[in-house]
Amino acid sequence: MKVMVISGGGREHAIIWSLSKSALVDKIYCAPGNGGIAQLAECVNIGVLDFKAQVEFAKKENIDMVVVAPDDPLANGAVDYFEENGIRAFGPNKAAAVIEGSKVFAKDLMKKYNIPTAAYEVFDNSANAIAYIKEQNSYPVVVKAEGLALGKGVIIANDFSEAESAVHEIMDDKVFGEAGGRIVIEEFLTGPEISVLAFTDGNVVKPMVSAQDHKRAFDNDEGLNTGGMGTFSPSRIYTKELEEECMNNIFLPTIKAMNAEGRRFKGVLYFGLMSTKDGVKVIEYNCRFGDPETQVVLPRLKTDLARIFSAVIDEKLSEVEIEWEDNAAVCVVLASGGYPKSYQKGYAIDGIEKAEENGAVVFHAGTKLEDGKYLTNGGRVLGVTAVGDNLDDAIKKAYGYVDYISFKDMHFRHDIGIKKQ
Ligand code: AMP
Ligand code: GLY
């Protein structure tokens, strides 16, 4: 098979790394890719939302399967467009991707089908939203823009004035553009968060091994929220009992609900879960692999990923037995100084090869290759990943690998994997 993967971050590098080991895959393309991906795939300079150019390229190169990785093209109908042009594509169609594209849709779905989630109300004007917040008078309160907002559309407001500003910024100042047409005001829940990504073809759902993300910029969960500073798999708190509870109360009901709504979901469904004192609840759905969760989940996969993708497209996932290693993985993100605020790009990166020679799997998130040398090219630069017999072993190895790597103003967290819950 010739496969093309859309986008070019750490998640896509991990998907391509896994596909590159498949017996079914002869050649991989990536649009647009990055410096590290270029080692495994031919990178083509086509934008993530340029569906027309992607289809033309896929036809010209006789590509057998396209993997659409990020939320934006999925929510905008990339998979529908490939299919209309006779090209097999992995990922949900536009009707199903709405589960991430609209938080109002997701919340209403959960309410209608009794899937546990935080209590909420939806508003389409700021005055009513603010009146409601005042009347509830319970803080913190969670304010969410309806649409895709680069992971920034969720604000946890600690008092009335923070909540009021959040509503004004989203609805009146439109800081997230059209994503802020409607808002969800939601009950604040507490408890540890777990990410479970699952393959589904709309008939069966096969969860991957669990993972946890560290979202804050600095050690001990201090600093601003980021796209993710590191991940580990498995989660220490995701017991067999929790897994069963999630399967019965969340995973299967969600797949059934999407079918009942005439929105069969095919692809990877990401369940952002919180284990609360009242049971596990859904914090969010994503219609795709998580980043950087993928970087710790796929290195533990034993089964051929291309085979799983094909089975999902053909709605024959029940025929594939998906196997996982009984081990652990840790990914430490090396970020540019200043991230998640402004940062410089273009610094030389040293030591990647040395780390790899010693056993690291280094996923590139934001790098470019210039004259044979890797340069920083984003806020999150590398995801240094280690696989070990257990979490402690993987943590030790990951930080050992990090020691080989350096670039100007590099920063990373020193506590990835050690949160106990
Ligand atoms: P999201 O952008 O949807 O991933 O949300 C970002 C983060 O906000 C989540 O990972 C949670 O930590 C937090 N969050 C979202 N909704 C709630 C809620 N109802 N209660 C507490 N925290 C929440
Ligand atoms: N790691 C969170 C996400 O991919 O949305």
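Here, every reference points to the structure presented above.
Per-chain numbering applies: the sequence of each chain, read as written, is numbered from 1 onward. Ligands are numbered from 1 and chains lettered from A, in the order in which they are written. Side-chain atom pairs in this predicted model are given and counted only at pLDDT of 80 or more, local residue features only at pLDDT of at least 70, and totals for whole chains, interfaces and linings cover all residues. Side-chain metrics in this entry use all non-hydrogen atoms of the structure; hydrogen atoms and water are not considered.

Undergrad: Teacher, can you tell me more about the overall build of the protein here?
TA: Helix and strand assignments follow DSSP, with helices taken as H or I runs no shorter than four residues and strands as E runs no shorter than two, numbered in order from the N terminus. For the protein, the helix and strand inventory stands at 13 helices and 22 strands. Against the compact-globule benchmark of 22 Å for 421 residues, the protein has a radius of gyration of 21 Å, which places it among compact chains. Based on the C-alpha atoms only, the size of the protein along its principal axes is roughly 60 × 45 × 45 Å. Note on classification: 1.4 Å probe, protein chains only; a residue is buried when its accessible area is under 20% of the maximum for its type, exposed when over 50%, partly exposed between these limits. In the protein, which comprises 421 residues, the share counted as buried stands at 55%. The contact criterion used is simple: two residues touch if any of their non-hydrogen atoms lie within 4.5 Å. Contacts spanning at least 24 positions in sequence make up 68% of the contacts within the protein whose residues lie at least 6 apart. Put simply, the protein shows about 17,600 Å² of open surface, and 45% of that area lies on carbon and sulfur atoms. C-alpha atoms define the radius of gyration, and 2.2 Å times the number of residues to the power 0.38 defines the globule rule. In these tables, accessible area is a Shrake-Rupley quantity obtained with a 1.4 Å probe, and a residue counts as shielded only by the protein chains included in the view.

Undergrad: In this structure, what is going on with the site of ligand 2? I would like to understand it.
TA: Residue proximity to a molecule or strand is established when one non-hydrogen atom of the residue lies within 4 Å of it. Near ligand 2 you find Asp213, Tyr270, Asn286, Arg288, Gly290, Asp291 and Glu293, and these make up its full shell. Polar contacts, as used here, are pairs of N or O atoms within 3.5 Å; protein pairs need one atom able to donate a hydrogen and one able to accept it. Residues neighboring in sequence count only if both atoms are side-chain atoms. Between an oxygen atom of ligand 2 and a side-chain N or O atom of Arg288, the distance comes to 2.9 Å. A distance of 2.9 Å separates an oxygen atom of ligand 2 from a polar backbone atom of Asp291. Of the residues that constitute the shell around ligand 2, the class distribution is one nonpolar, two polar and four charged. Ten residues, namely Ala, Val, Leu, Ile, Met, Phe, Trp, Tyr, Cys and Pro, are considered nonpolar, four, namely Asp, Glu, Lys and Arg, are considered charged, and the remaining ones, Gly among them, are considered polar.

Undergrad: What should I look at first to understand the sheet that holds strand S5 (residues 89-90) in this one?
TA: The pairing of strands in a sheet comes from backbone hydrogen bonds and takes either a parallel or an antiparallel form. Spatial strand order, S3-S2-S1-S4-S5: five strands in an open sheet with parallel pairing. Both outer strands of the open sheet, strand S3 (42-43) and S5, are each paired with one neighbouring strand and no more. Here, a strand pair is defined by DSSP locating no fewer than two bridges between the strands. Summarising the sheet, strand S1 (residues 2-7) and strand S2 (residues 27-32) pair through six bridges and their orientation is parallel. Note on S2: the bridge partner recorded for Val3 is Ile28. Axis lines are fitted through C-alpha atoms, for helices just across the contact stretch, and the angle between N-to-C directions can take any value from 0 to 180 degrees. Each of strand S4 (65-68) and S5 touches helix H11 (residues 305-313); the most contacted strand, S4, lies at about 90 degrees to it.

Undergrad: What's the story with a nonpolar patch on the surface in this structure? I'm lost.
TA: Taken together, the side chains of Val154, Ile156 and Phe188 define a hydrophobic patch exposed on the protein surface, amounting to about 230 Å² of accessible area. The residue Ile156 is located in strand S8 (residues 154-157) in this model. Here Ile156 falls in the partly exposed class, since its relative accessible area comes to 45%. In this analysis, a patch consists of residues with relative accessible area above 30% that form no salt bridge, clustered at 9 Å for like charges and at 5 Å for the nonpolar side chains Val, Leu, Ile, Met, Phe, Trp and Tyr. Any Lys or Arg side-chain nitrogen located within 4 Å of an Asp or Glu carboxyl oxygen qualifies as a salt bridge.

Undergrad: Looking at this structure, I do not really get the side chain of His13. What am I missing?
TA: Among the secondary structure elements, His13 is positioned in helix H1 (residues 10-19). Not counting residues within four places of it along the chain, the set of residues in contact with His13 comprises Gly36, Ile37, Leu40, Val362, Phe363 and His364.

Undergrad: Please explain the pattern of salt bridges as it appears in this structure.
TA: All chains considered together, the criterion is met by 21 salt bridges. We note a salt bridge from Lys144 to Glu186, for which the minimum N-O separation is 3.1 Å. Remark: Glu186 occurs in strand S9 (residues 183-187) and Lys144 occurs in strand S7 (residues 141-145); sequence separation between them is 42 residues. A salt bridge links Asp278 to Lys277, with the nearest nitrogen and oxygen atoms 3.8 Å apart. Note on accessibility: Asp278 and Lys277 belong to one class, exposed. Each of Asp71, Glu100 and Arg288 takes part in a single network of salt bridges with overlapping partners.

Undergrad: I tried to follow the sheet that holds strand S11 (residues 205-207) on my own but got confused; where do I start?
TA: What the four strands build is an open sheet, ordered S11-S10-S16-S17; its pairing is antiparallel. Edge positions in the open sheet fall to S11 and strand S17 (279-286), since each of these has one partner strand only. Across the sheet, the mean angle separating the axes of adjacent strands is 35 degrees when strand polarity is ignored. Inspection of the sheet shows strand S16 (residues 267-276) paired to S17 by seven bridges, in the antiparallel sense. Note that in S17 the partner of Thr276 across the bridge is Gly279.

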